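Report on the structure
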Amino acid sequence: MQKKRWRKLGLMRRLLTCAIASISLVALLSAHLHLFFPPSQVSMLPDPYKLPTQHEIRYQKLSKERSWIQPHFSKASLPALKLDGANSSLDSHKLWKPPPNRDFAPCVDPSSSYIVPQETRGYLLVHTNGGLNQMRAGICDMVAVARIINATLVVPELDKRSFWQDTSNFSDVFDEDYFITSLADDVKIIRKLPKELMSATRAVKHFRSWSGIDYYEQEIASLWDDYQVIRAAKSDSRLANNNLPPDIQKLRCRACYKALRFSPRIEAMGKLLVDRMRAYGPYIALHLRYEKDMLAFSGCTHDLSIEEANELTSIRENTSYWKVKDIDSMEQRAKGYCPLTPKEVGIFLRALGFPSTTPIYIAAGEIYGGDSRMEALQSRFPTLMRKEKLASVEELDPFVEHASQMAALDYIVSVESDIFIPSYSGNMARAVEGHRRFLGHRKTISPDRKLLVRIFDKISNGTMKEGKKLSSRIIEIHKRRQGSPRKRKGPITGTKGTDRFRSEEAFYVNPLPDCLCQMEMESTENEIIKKS
């Protein structure tokens with residue numbers, strides 16, 4: 001009996017030892033998994049269009065963080081990158097570090113005199129025009145116009161006749177319910193015109209470009225005397241960039257950066273693409289505007305074959321709403337009006353110091369010339385990713401036939417990138433730059449194309465070589481072109497009329513000072529206050 005008892009005790013001791021060993025092994029494996037896959041890398045991204053709370057403002061101020069939205073990667077996870085070819089080696093922190101934002105933060109709340117919309121005088125129908133970002137800006141302006149003329153805004157109609165022939169409706173691209181409810185205290189918005197007014201006579205107007213408050217309050221609002229419905233035939237650039245009431249400017253920002261968010265399925269897919277890019281580490285979003293429509297419109301044919309140049313000329317001549325037909329390609333390029341070629345972008349990025357291991361997301365449609373035109377860039381930066389590489393055919397299938405929805409995915413990945421670099425200052429580049437400024441002046445490097453093409457030509461003819469001297473020069477040129485806070489640029493001195501307005505920096509490129517205020521702390525109460 002005694003032997004049996006000891007035998008049982010020995011067996012129980014061995015079982016207990018095995019259990020403790022198993023628990024220790026599981027704990028050890030768990031620690032390693034957390035080390036290699038930190039929760040921050042697999043969690044869903046925060047809504048990039050959501051404004052921070054006062055608690056978040058206070059926390060970021062007290063912790064002396066310079067970026068308005070916390071980065072989605074830890075500093076420890078950044079690889080120790082070196083600047084190749086520069087005069088001095090800089091670690092990855094300096095290479096990826098955003099510019100100081102000088103404590104600027106969104107301040108878009110209406111003033112105390114701002115009132116909820118009362119009984120409106122009629123209905124405003126809007127036909128947007130252009131690509132995704134041109135339509136976005138137009139929609140936000142029409143929200144402001146509806147407020148100015150005291151109109152009920154009918155959910156805008158998206159452009160289905162432009163170059164892209166996209167059949168998407170508003171609700172396919174944007175979150176319609178959120179758009180309506182989030183602006184309820186600003187403008188009354190409905191989905192459709194009431195049935196009884198479907199056949200009513202409408203005042204169809206091409207609102208005058210870059211118009212101020214007087215034009216809308218007097219000339220356009222006077223149409224209510226004879227009509228119940230006003231239709232805006234176009235929406236782009238119909239509202240002035242400057243000299244509007246502060247509450248109207250703030251409303252434009254609330255519409256653009258809060259209310260006009262993408263549809264849930266686009267948001268979800270966009271955030272999934274961002275997560276997959278982050279798996280490679282901090283990344284650059286490169287808006288490579290080297291697509292057929294852009295080259296045809298701008299008349300830029302540098303480094304193209306005669307056949308390709310003729311094809312682009314034919315497209316331009318046969319597109320009725322493109323007014324300028326005869327374009328001198330060499331003159332365009334010399335003035336900096338052409339998008340950089342993929343080869344030129346590769347030289348530029350290497351000169352800035354980005355190593356060949358840098359992950360780059362190509363935010364673009366089909367590159368003109370296909371893979372062969374991308375070879376020079378691909379050879380320098382092998383980790384070139386696109387939507388089509390990051391997502392499966394099945395995942396992209398709902399979006400692939402709709403240019404606006406595909407562009408929306410690129411927009412999300414670009415806004416959330418660690419660095420955004422556009423090869424051309426088109427609508428997409430300007431919209432993303434403005435959004436990144438609003439969210440804390442995230443790093444955006446704007447190539448000085450006019451100076452760069454001179455450098456590229458010297459490299460081509462052998463009078464300049466890539467290396468330390470070239471890197472130093474390009475880095476110096478772009479020190480102040482990285483998205484740091486500054487006031488929106490006014491018109492070029494000496495310009496008049498339409499040219500004067502056209503020369504201004506667009507409102508949605510830089511919402512400072514209208515929608516961004518400097519935050520400072522009162523020493524007595526330790527409270528965050530706004531300093532306009």
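As shown above, the structure is provided for reference.
Described below are features of the structure shown in this document. (Residues numbered from 1 in each chain as written. Predicted model: local features only at pLDDT ≥ 70, side-chain atom pairs only at ≥ 80, totals over all residues. Heavy atoms only, no water.)

Looking only at helices and strands, one finds 22 helices and twelve strands in the chain. Per-residue burial over the chain gives 49% buried out of 532 residues. Across the chain, every contact between residues at least 6 apart in sequence was considered, and the portion connecting residues at least 24 apart equals 77%. For the chain, the computed accessible surface area is about 27,100 Å², with 54% contributed by carbon and sulfur atoms. (Helix = DSSP H or I, 4+ residues; strand = E, 2+ residues; numbered from the N terminus. Buried < 20%, exposed > 50% of the residue type's maximum accessible area, 1.4 Å probe, protein only. Contact = heavy atoms within 4.5 Å. Areas by Shrake-Rupley, 256 points an atom, 1.4 Å probe, with all protein chains shown as cover.)

Quick look at a positive patch on the surface now. A contiguous patch of positive charge on the surface is contributed by Lys-450, Arg-454, Lys-458, Lys-469 and Arg-473. For the positive patch, the element with the highest residue contribution is helix H20 (residues 449-460), accounting for three residues. If you trace the backbone, Arg-454 turns up in helix H20. The exposure class assigned to Arg-454 is partly exposed, which follows from its relative accessible area of 47%. (Patch = residues over 30% accessible without salt bridge, like charges linked within 9 Å, V, L, I, M, F, W, Y side chains within 5 Å. Salt bridge = Lys/Arg side-chain N within 4 Å of Asp/Glu carboxyl O. Lys, Arg positive; Asp, Glu negative; His and termini not counted. Charge placed at Lys NZ, Arg CZ, Asp CG, Glu CD.)

Take unusual backbone geometry next. Glycine aside, the phi torsion of most residues is negative, and most peptide linkages are trans. Along the chain, Leu-512 connects to Pro-513 via a cis peptide bond; the corresponding omega equals 20°. Its place among the elements puts Pro-513 in the loop between helix H22 (497-503) and strand E11 (516-521). The backbone of Asn-150 shows a phi angle near 60°, a positive value even though the residue is not glycine. Even without a glycine there, the phi angle at His-441 is positive, about 55°.

All chains considered together, the criterion is met by three disulfides. In this model, Cys-107 is linked to Cys-517 through a disulfide, with the two sulfur atoms separated by 1.9 Å. One disulfide, between Cys-107 and Cys-517, carries an S-S torsion of 80° and so falls in the right-handed class. Taken as a pair, Cys-107 in the loop between strand E1 (104-106) and strand E2 (122-126) and Cys-517 in strand E11 lie far apart in primary sequence, 410 residues in all. A residue is classified by how much of its surface remains accessible, and Cys-107, at 4% relative accessible area, is buried. The partner cysteine of Cys-300 in its disulfide is Cys-338, sulfur to sulfur 2.0 Å. What sets the handedness of the Cys-300 and Cys-338 disulfide is the S-S torsion sign, and at about -90° it is left-handed. (Disulfide = S-S within 2.5 Å.)

This paragraph deals with the sheet that holds strand E10 (residues 419-422). Spatially, four strands are ordered E9-E8-E7-E10 in an open sheet, and the strand pairing comes out parallel. Each of the sheet's edge strands pairs with one partner strand only, and the pair in question is strand E9 (384-385) and E10. In this sheet, strand E8 (residues 360-362) lies alongside strand E7 (residues 284-287) in parallel orientation, the contact comprising three bridges. The residue bridging Leu-286 from the neighbouring strand is Ile-362, located in E8. (Pairing = 2+ DSSP bridges.)

Before going further, it helps to examine the packing of aromatic side chains. Enumeration according to the criterion identifies twelve aromatic pairs in this entry. Centre to centre, the rings of Trp-96 and Phe-354 are 5.7 Å apart; their planes meet at 70°, and the pair counts as edge-to-face. Here Trp-96, found in helix H4 (residues 92-96), pairs with Phe-354, found in the loop between helix H14 (342-352) and E8; they are 258 residues apart in sequence, far enough to count as distant. By relative accessible area, Trp-96 is classed as buried at 4%. For the pair Phe-507 and Tyr-508, a centre-to-centre distance of 5.1 Å together with 90° between the ring planes defines the contact as edge-to-face. Each member of the pair, Phe-507 together with Tyr-508, is buried. Chaining the aromatic ring pairs together yields one cluster made of Phe-170, Phe-174, Phe-179, Phe-262 and Tyr-411. Lying across the ring of Tyr-178, Arg-261 places its NZ or CZ 3.6 Å from the centre. (Phe/Tyr/Trp six-rings, centres within 6.5 Å; stacked < 30°, edge-to-face > 60°. Lys NZ or Arg CZ within 6 Å of the ring centre and 35° of its normal.)

Next up on the list: the sheet that holds strand E6 (residues 229-232). The parallel open sheet is built from five strands, whose spatial order is E4-E3-E2-E6-E5. Since the sheet does not close on itself, it has two edges, and those belong to strand E4 (189-190) and strand E5 (202-205), each with one partner.

With that out of the way, let us pick up the nonpolar core. In this structure, Leu-124, Phe-179 and Phe-207 are the most contacted members of the largest nonpolar core, which totals 82 residues. Sort the elements by how many residues they give to this core and helix H5 (residues 132-148) lands first, with ten residues. Here Phe-207 is in contact with Leu-124, Met-142, Val-145, Tyr-215, Tyr-216, Ile-220, Ile-230, Ala-232 and Arg-238, once residues within four sequence places are set aside. Trp-96, Tyr-290, Tyr-368 and Leu-377 belong to the second-largest nonpolar core, a separate cluster that totals 41 residues. (Core = buried A, V, L, I, M, F, W, Y, C linked by side-chain atoms within 4.5 Å.)

On to the pairing of E10. What you see with E10 is no split at all: Ile-419 and Ile-421 on one side and Phe-420 and Pro-422 on the other are buried throughout. As paired elements, E7 and E10 share four bridges and run parallel to each other. Within the sheet, the bridge partner assigned to Leu-286 lies in E10 and is Ile-421.

This next bit is on the pattern of salt bridges. This structure, assessed with the given rule, holds 27 salt bridges. With its nearest N and O atoms 3.5 Å apart, the salt bridge here joins Asp-225 to Arg-121. Of this pair, Asp-225 sits in the loop between helix H8 (213-220) and E6 while Arg-121 sits in the loop between E1 and E2, and the two are 104 residues apart along the sequence. Classification of Asp-225 by relative accessible area gives exposed; the value is 59%. Between Arg-238 and Asp-236 there is a salt bridge whose closest N-O contact spans 3.2 Å. The pair formed by Arg-238 and Asp-236 is uniform in burial state, with each residue classed as buried.

Structurally, the position occupied by Thr-128 is in the loop between E2 and H5. There is a polar contact of 2.8 Å between the side chain of Thr-128 and the backbone oxygen of Glu-157. One polar contact links the side chain of Thr-128 to the main-chain amide nitrogen of Asp-159, over a distance of 3.3 Å. The residues touching Thr-128, leaving out its near neighbours within four places in the chain, are Met-135, Ile-139, Pro-156, Glu-157, Leu-158, Asp-159 and Ser-235. (Polar contact = N/O pair within 3.5 Å; in protein donor to acceptor, adjacent residues only side chain to side chain.)

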